[in-house]
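# Coordinates in review
The residues making up each chain are set out below.
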Amino acid sequence: MVLEELTVRLNDREYTNWLKAGRCLLILKTGLHPFTDHRMRAHHRDLLNQHALLSTPCETSSCKPIGNKLSSPCGVCSEWQKVILRHHRQPGATINWANCFPPHWRTDHWEVAKAYMPRGQAKVRRADQCDAAALLNLINYCRCFWSVDPKLVRQVIQFRNELMHSCELRVKDDWIRHYWRTLKHFVQQLSDVPQMATVGQQIEDMLTVDLSICVSGVDRVDSAGPLEGCESDFVSQLETSAEKVSQWETELLQEMLQEYLHVAAEEDGDAKAQDPEQLKRLQSFLQANKDLRERFSTELQAINSLEVKERGDGSDKRSRHTLLDLLPCIWKAPHVLTYRLQHSDSGWYLQDLRNRQEKFGTLESLIDHYRRAPSPPVGMAPLTDPLDKTQIPNYFLQGTNQSHI
Ligand SMILES: [Zn+2]
């Protein structure tokens, strides 16, 4: 039964936290659509009024970026390019020209907006086709949003990234508390936007409702944990059905899958290696839940075909990929440490410590173990500290078989 499986998932508090937090991003997005669209439209109009040349059509009708660069554009597109750069809130930051079709800059305000967004927006035509990350980046980078504190926007973006790249699809109560506080401040900053009042309320409702109770059909607001004391009668007001919760879950998982598959399908080598671990975890998660396995059968097939493609790329690449798989989980760590890893029939271990240290079935469990270990083995830097070469015994640094993890 679909409902049974959903109920089991929603009894996992941290998974439910993850789901609610993700739902809040989708709610936020609905408020940001009209706001960003309206503001960009006005900005575009101002640009046309201030710079006569910008009202002239592209001289070639075919100026387009190659890769992420806009090389040798016509005079008009070149002027647009300069103006877009001039209105960037962080001069020097990368601009994703690949998102844009320059001949449309003159007539389409959203084509201009896309220059300030993360890559992957080339096919997007309107504000309501953008996800929260795209809109938040636009606000962060385009000067026409000068009234919004960029620090606050970046905090929301950071929470969003942590959530969407969460290895376990789970977040803790403490995380949710900070997230909620940040979202509240952000929504308050946009208090002059009519839709944001509703968004603020809906976010509060979402973070205070107990979804497991909604699914089992009993009206009760979550009274445990950090969300205690919220005065919301959301549950009694809104008939949240299992189908609705299931739909929220589908939308969120869909968005994650699209992001991962998009990144994985990109030709750029670095991009390809960015999220393989999350994609694998998501794949395992979907396969372990019968209802999700059926709902996302097409996406799971796409993941499988990507894996086959990877395997067909040769053994060297495959072993490199195994290590790159681990990167996302330590991506945000301030330092990258280098260890020599070995593999035997009984598992992975740190070379030179094999007689004294444990072996692990997976590299992940090895990393996890040493990261959590209260005191690292003698001669080995703890995984959370920077590597100081002078502190490492010479025999650790010899040889060429070092793996960067
Ligand atoms: Zn042009």
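In this report, we go over the structure that sits alongside the text.

Rules and cut-offs
Residues numbered from 1 in each chain as written. Predicted model: local features only at pLDDT ≥ 70, side-chain atom pairs only at ≥ 80, totals over all residues. Heavy atoms only, no water. Donors = N, O, S within 2.8 Å, 3.2 Å for Na, K, Ca; no water. Tetrahedral: all angles 85-135°; square planar, octahedral: opposite > 155°, others 65-115°. Helix = DSSP H or I, 4+ residues; strand = E, 2+ residues; numbered from the N terminus. Buried < 20%, exposed > 50% of the residue type's maximum accessible area, 1.4 Å probe, protein only. Axes fitted to C-alpha atoms, helices over the stretch in contact; angles between N-to-C directions. Parallel < 35°, antiparallel > 145°, perpendicular 65-115°, else oblique. Contact = heavy atoms within 4.5 Å. Nonpolar A, V, L, I, M, F, W, Y, C, P; charged D, E, K, R; others polar. Phe/Tyr/Trp six-rings, centres within 6.5 Å; stacked < 30°, edge-to-face > 60°. Lys NZ or Arg CZ within 6 Å of the ring centre and 35° of its normal.

### Here we look at the coordination of the zinc ion
- For the zinc ion, the protein coordination sphere consists of Cys-58 (SG), Cys-63 (SG), Cys-74 (SG) and Cys-77 (SG), at 2.3 to 2.4 Å.
- Coordination at the zinc ion is tetrahedral: its 4 donor atoms span angles of 104 to 115 degrees at the metal.
- Here the donor residues of the zinc ion are spaced in sequence according to C-x4-C-x10-C-x2-C. You can see Cys-63 sitting in the loop between helix H2 (13-50) and helix H3 (75-86) and its partner Cys-77 sitting in helix H3, a full 14 residues away along the chain.
- We classify Cys-77 as buried; its relative accessible area is 1%.

### Observations concerning the packing of H2 against helix H8 (residues 194-208)
- At a minimum axis distance of 9 Å, the contact between H2 and H8 shows a crossing angle of 175 degrees. As far as their axial angle goes, H8 and H2 are roughly antiparallel. Only Gln-195, Met-196, Val-199, Gln-202, Ile-203, Met-206, Leu-207 and Thr-208 of H8 make contact with H2, whose side of the interface consists of Lys-20, Arg-23, Cys-24, Ile-27, Leu-28, Thr-30, Gly-31, Leu-32 and Pro-34.
- Grouping the amino acids of the contact of H2 with H8 by side-chain chemistry returns 10 nonpolar, 5 polar and 2 charged.

### A word on the environment of Phe-159
- By the element assignment, Phe-159 lies in helix H6 (residues 150-164).
- Taking the C-alpha atoms as reference points, Phe-159 and Thr-182, 23 residues apart in sequence, are found 8.9 Å from one another.
- Not counting residues up to four positions away in its chain, the partners in contact with Phe-159 are Trp-175, His-178, Tyr-179 and Thr-182.

### Examining the packing of aromatic side chains
- Taken as a whole and assessed by the stated rule, the structure comprises 8 aromatic pairs.
- Ring centres of Trp-175 and Tyr-179 lie 4.8 Å apart, and the angle between their planes is 25 degrees; this geometry places the pair in the stacked category. On the criterion of helical spacing, the pair formed by Trp-175 and Tyr-179 is a turn pair, its members being 4 residues apart in helix H7 (residues 173-189).
- Each residue in the set Tyr-15, Trp-18 and Phe-285 is aromatic and connected to the rest through ring pairs, giving one cluster.
- The ring of Trp-180 has Lys-184 sitting right over it, with the charged end atom 4.7 Å from the ring centre.

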